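# Breakdown of the fold
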Amino acid sequence: MMKKTLTASLFAMISTSAIAFTPSADQIAQFQKLPKSQQEQLARQYGVDISVLTGASSSKGRSTNTVPQDPIRANAPKEVSYDEQMKKLAEEEEGKLQPFGYEMFAGQVDTLTPVDNLPVPNDYVMAPGDEVAIQIYGKSSEELNLVIDRKGRLNFPEFGPIAVSGQTFADMQTHLTNIIKQKMLGVDVLVSMGAMRTMQVYVVGEATQPGAYNVNGLTTVTQALIASGGIKESGSLRHVELKRKGKVVERFDVYDLLLKGDSRSDVRLLSGDTLYIPTKNSSVELDGAVKRPAIYELKGKTTLSRLLSFGGGLQPNAFLSKVNITRMGSNGYEQFTVDMSTSKGKNFIIKDGDKVVVSKAAESLNNAVALRGEVARQGAYNFKKGMKVSDIVSSVRTDLKQSADLNYALIVREINKQRDIEVLQFNLGEAIANPNSKENLSLQESDQIFVFNSGLDLEYWFGSYADEREQKRKEEEKKQAESQLAQGSTNTSLPMGTNVNGEPLQQRNVETVDASTGALIKTESATKLKTDDGETVSKSEQLRQQSREKLLTPIIARLKSQATLDNPARLIEISGAVKYPGIYPLSKTGTIKQVISAAGGLTEEAYLDSAEWTVREVNGSELITEQRKISLRDALSADGEKNFTLTEQDRLIVKTKPNWQEGYTIELQGEVVFPGTYSFIRGERLQEVIERAGGLTEYAYADGSVFSRERLKRLEAERLKILNMQLKQEIGNLALRRQNSSAQYTTPPADAMLIADDLSKTEAMGRMVISIPRAIEGDKIANLMLEKGDKLYIPARNPVISIMGEVQFASNQLFEPNMTVEEYIEAAGGTKKQADTDRIYVVRADGSVMIPNNSYWFSRSDKPLAPGDTIIVPLDTDYLDGLSTLTSATQILYQIGVAWSAVKD
């Protein structure tokens, strides 16, 4: 619409003031987007030199008349400008109705030049210009190509002219064959069609490109319309007229062809025929629940039922009782509502300009109940009065999936005209097994039954029972045998070091380094079962949880949305020792037993003697919260269902049994008599578990023990993240200051960033410095209480001193009781240039750090070096001004890096 408006305004300016015409840049750009043929047509129509608008140079005295473009084939898609494409796309997105039928004739203008290879029908009427191919064979052979002259004759070289004009193609074949056989004895004749004549016809009126067209003798009305580029949307599809010598010889209704497939009016044209396309007189809009919404053209008296047949009929969800018709009259718009289920409504007369909208029926369940979730056949079922759950789900095997949860199911029921809902909970398994039980609830119209997932792995339990490994082994053996046969080998034995599947054999005893303690542990990993432990969430539990979340989320959202001041949302929260704690819809009966069943039941650590029930009550404008102590054992009994009824917004906390423990173990590694993983009870101490493990061996080095704790590991990991973030922030600030000042640094900040990257990759250990000798002796402080996941590694005596950091050659030296720190550093080649000699420190074998004072530096102190100690020479970080955090970072890196250096070698 915008393009048409702009083009019209542009040429209106041209026609009113051709001399002073100065179109804007936007108008010229819009005109240049049009196809060339349209540009030339508009230029001719308004008598304007096209070069003025396209920017092309115009020669002096050059005529403004342009040479028409060479035509392309009629079936080619019509060239559409960018703006037209955008307009059509926008109209389709907005759902704007399009006129019906015009796209059939859309195409490029074409002359339809004669085509020689088309089959000629027998009723084709011969006329001047047609070529006839005659082949004579037998006693004599000859091939003739004769053209019918203007007098309608074929001129034979041997026996003169023969009149054939006006005869059909079949009659002409018979006529010529008889004449030739009579005049030429002993020959056979084959008559066929050569090139067909070219004739001129006219397409006028509301054609895209009206004018005269040269077409062949087989051209029909529709082909001529396509050759002219189609019919404008202002043209009529119902009243196309074929005129011959000034008289109408055929009226062509395109709707007969499009809607009925009736092509009887699509007759062949003769030379001089004229196709006249009048303007469209009347049209109506048909929208809504019909199969083909569009703008349709009326022809004569049209009823509503007739119009609906134009639209392909009604959709299944069409609401026939109220069809809305908007009519524009002299007094404005007038509204009609017609009942199509009556004969009066079907015969309602449609007038020009009417807008007919067929509404959709309400998307509600009528006379039905719905079944959803883990069922064999989801969908709606016919409702009959007195129906119960067992009438819809009568068999566990045939009506439910194998993964259906039989203990928890819901019925969602609408209770008023506002479509508010209430929820009823029941035991599906009991309802099916015992139809007379109270769990077999009565249904009402529009009820929806929800069945949840039990978490059963259907693929494993009910899939193929074939042993995949055995099948894989056979396939590998077959491939190996085929390969050996192709190589001429007869040895079918498996290679050494492989199993029956051709895979490398695993070693029974595998040595691994524990990342927490640095201990070298031997485990029988090849034979250890890789089954989930008690703390791992199983796939079954995940499936049950996902099923509950998927089905309950919209129900809970609907209950929240319908809540009011006087009617709070019927929801309840349960937490604690249940399988799936969370918020659940509160059933109409609302017992504690039902809520626990909704949450998947109690876990094994649930405490039945006491639970906390929080009740909320509104007293006027005040909210009162009350905590009640109840016995779950009583609440789950038969009488408890009556005495423990929950209300909306209540909360139930299921407590855990006192001293309940699961997975409380400690791993003893190294030099204990019986190393391994030991269980303990809360409150047990380190000394007791070491005694249970048989105590220390004679080779144990208790002062070098490494103790790791999971809780400390998590804290350490969080602190490393914070330190890394602070470090990178300071490096960034320094880099920014360096760009804005003349400060010089011996090392660029990029090198410092490498330290931060190393720190981010460092794994937390969670090591705690303890004294095992004091713990064994029963010291109250050293003999710490055990926690879940603790690890203790007691190494063998290792008489080695390690020298690490900024020394010439980091190494491990044999422990000499009389050697000082300085002597060990000298044995490692001395310090490097960037070493920070003022911060040299010693990491003891037990993890503690010793920083000797100045008076004892490089000399024997009251705490001399011991086997397993590590001397650290840190990097001098003062070369990067302001990077104070870097010192701490390097120290942490070194401490973590050598945390078990004394015990791993």
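Before any of the text, the structure's been laid out above.
Reference entry: report on the structure contained in this document. Remember, it's a predicted structure, so these values are computed and weren't measured experimentally. (Residues numbered from 1 in each chain as written. Predicted model: local features only at pLDDT ≥ 70, side-chain atom pairs only at ≥ 80, totals over all residues. Heavy atoms only, no water.)

## Considering the packing of aromatic side chains
Condition: Classification of ring pairs uses Phe, Tyr and Trp, with its six-membered ring standing for Trp, and accepts pairs whose centres are within 6.5 Å; under 30 degrees between planes counts as stacked, over 60 as edge-to-face, and the remaining range as tilted. A run of DSSP states H or I qualifies as a helix once it reaches four residues; a run of E qualifies as a strand once it reaches two. Both are numbered from the N-terminal end. Exposure is judged per residue with a 1.4 Å probe applied to protein chains only, and the accessible area is read against the type maximum: over 50% gives exposed, under 20% gives buried, and values in between give partly exposed.
On inspection of all chains with the given rule, the structure shows 8 aromatic pairs. Taking 5.3 Å as the distance between ring centres and 80° as the angle between the ring planes, the aromatic pair formed by Phe100 and Tyr255 counts as edge-to-face. Of this pair, Phe100 sits in the loop between helix H5 (82–94) and strand S1 (131–138) while Tyr255 sits in helix H8 (residues 254–260); the two residues are 155 residues apart in sequence, bridging distant segments of the chain. For Tyr255, a relative accessible area of 2% translates into the label buried. Both rings, one in Phe156 and one in Phe159, keep their centres 4.8 Å apart while their planes meet at 20°; by these two values the pair is stacked.

## A word on unusual backbone geometry
The residue Ser446 is not glycine, and still its phi comes out positive at about 75°. Along the polypeptide, Ser446 turns up in the loop between helix H13 (428–433) and strand S22 (448–453). Judged by its relative accessible area of 18%, Ser446 falls in the buried class. Even without a glycine there, the phi angle at Gln649 is positive, about 70°. The topology assignment puts Gln649 in the loop between helix H19 (640–643) and strand S29 (651–656).

## Quick notes on the nonpolar core
Selection rule: Nonpolar cores are built from buried Ala, Val, Leu, Ile, Met, Phe, Trp, Tyr and Cys residues. Side-chain atoms within 4.5 Å join them into one set. Whether two residues touch is decided by their heavy atoms; if any such pair falls within 4.5 Å, the residues are in contact.
In this structure, Leu225, Leu275, Tyr296, Leu304, Leu307, Ile350 and Val356 are the most contacted members of the largest nonpolar core, which totals 44 residues. Excluding residues that lie within four positions of it along the chain, Ile350 makes contacts with Val284, Leu298, Thr302, Thr303, Leu304, Leu307, Ile325, Arg327 and Val356. With 37 residues, the next largest nonpolar core counts Val423, Phe450, Ala598 and Leu632 among its residues.

## A word on the pairing of strand S25 (residues 571–576)
Keep this limit in mind: Any two strands between which DSSP finds at least two bridges are classified as paired.
Here S25 pairs with strand S26 (residues 582–585) via 4 bridges, running antiparallel. Bridge assignment links Ile572 to a residue of S26, and that residue is Tyr584. In this sheet, S29 lies alongside S25 in parallel orientation, the contact comprising 4 bridges. Looking at S29, one finds that Gly576 is bridged to Val654.

## A short note on the side chain of Glu206
Let me state the cut-off plainly: When charges are counted, Lys and Arg contribute as positive and Asp and Glu as negative, whereas His and the chain ends are disregarded. In the sections that follow, a salt bridge refers to a side-chain nitrogen of Lys or Arg positioned within 4 Å of a carboxyl oxygen of Asp or Glu.
Relative to the helices and strands, Glu206 is located in the loop between strand S6 (198–205) and strand S7 (211–216). As a buried residue without a salt bridge, Glu206 has its nearest oppositely charged side chain in Lys232, at a separation of 4.6 Å. For Glu206, the residues in contact, after removing those within four places along its chain, are Ile231, Lys232, Ser234, Gly235, Ile277, Pro278 and Thr279.

## Describing the sheet that holds strand S17 (residues 355–360)
What counts is decided by this rule: All axes are obtained by fitting lines to C-alpha atoms, using only the stretch in contact for helices, and the reported angles, taken between N-to-C directions, cover 0 to 180 degrees.
Read from one edge to the other, the open sheet built from 5 strands follows the order S12-S11-S17-S14-S15, with strand pairing classed as mixed. With partners counted over all chains shown, the strands left at the sheet margins are strand S12 (294–297) and strand S15 (332–338), one partner each. Here the strands of the sheet are splayed against their neighbours by 20° on average, with no regard to which way each runs. With 7 bridges joining them, strand S14 (residues 318–329) and S15 adopt antiparallel strand pairing. Across the sheet, the residue bridging to Asn324 is Thr337, located in S15.

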